[in-house]
Amino acid sequence: MDLRIPRRTFLAASGTLAAGLWLPTVRGSPAAADALHRRAQAVAAGARGAQPTATIAAATDLLALAEVAALAPGTARWSLHRTAALAALTAALAAQRAQRPAGGYLARARDHADAASDGPLRAQTLVLQRDDNGAAAHLANAGSQASVKLLRAALDAAGAGRDTAGLRAAVLYRLAWERAALGDRHGALQELEGA
């Protein structure tokens, strides 16, 4: 008799159990949602030094918890959407590093960033989407108007606050590269001046 349980079934059952035990805590306490966000920040901060597969697994677990918790009544939904967006972005970045498809994570990150009304997270999602969509063109040093459009949208979403200056600079550098690859030398220099 074969008693092996498929991995997907095991993970789904474990996630349901964990969410069942954890959700009542989140529903009554904003501190629990903040703790979940701090865990997502820790996974994001440690992503560069960890194996991409381990980062994807940790970020996907946090994403599932945040998504389930955001559905519960009486929770701080915008905070949980922010956490879910961060976890999805972390998983997408790790998937790109592992040369795996990241489109699903990016779509979820965009949806959660929109639900949280978080411009900087939306901007980061758009930048990663540009990186994901234009990977083949970048290998051939070819720019694309679609990438320019995504980067312009990211620049608008990032806002003008002091706390997003680094994000805006990164977007402007990518925008300068795209414009230079498209043959617009003057436009590329203008973007670099803005950075």
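Data block above holds the structure.
This structure is a prediction, so every number in the text was calculated from the model and none was measured.

Attention now goes to the side chain of Thr55. Position of Thr55 relative to the elements: it lies in helix H3 (residues 52-71). Note on Thr55: relative accessible area 3%, which makes it buried. In this view, Thr55 contacts Val43, Ala47, Ala50, Thr90 and Ala94; residues no more than four positions away in its chain are not counted.

What follows concerns unusual backbone geometry. Trans is the prevailing form of peptide bonds, just as negative phi is the prevailing case for residues other than glycine. Located in the positive-phi region is Gln99, a residue other than glycine, with phi close to 55°. In this structure, Gln99 sits in the loop between helix H4 (77-97) and helix H5 (103-116). A positive phi angle is found at Ser117, which is not glycine, with a value near 55°. Mapped onto the elements, Ser117 comes out in the loop between H5 and helix H6 (119-133). A relative accessible area of 66% places Ser117 in the exposed class.

Turning next to the layout of surface pockets. Empty space among the atoms can be located by rolling a probe the size of a water molecule over them. In this structure, the second largest pocket encloses a volume near 410 Å³. Breaking the lining of the second largest pocket down by element, the ones donating at least two residues are H4, H6 and helix H9 (165-181). The greatest single-element share of the lining of the second largest pocket, amounting to six residues, is contributed by H4. Looking at the lining of the second largest pocket residue by residue, the classes come out as nine nonpolar, four polar and four charged.

Cut-offs used in this document
Residues numbered from 1 in each chain as written. Predicted model: local features only at pLDDT ≥ 70, side-chain atom pairs only at ≥ 80, totals over all residues. Heavy atoms only, no water. Helix = DSSP H or I, 4+ residues; strand = E, 2+ residues; numbered from the N terminus. Buried < 20%, exposed > 50% of the residue type's maximum accessible area, 1.4 Å probe, protein only. Contact = heavy atoms within 4.5 Å. 1 Å grid on protein atoms, 1.4 Å probe; cavity = no way out; pocket = protein on both sides within 12 Å on 5 of 7 lines; lining within 4 Å. Points joined across faces, edges and corners; volume = space filled by probe spheres on them. Nonpolar A, V, L, I, M, F, W, Y, C, P; charged D, E, K, R; others polar.

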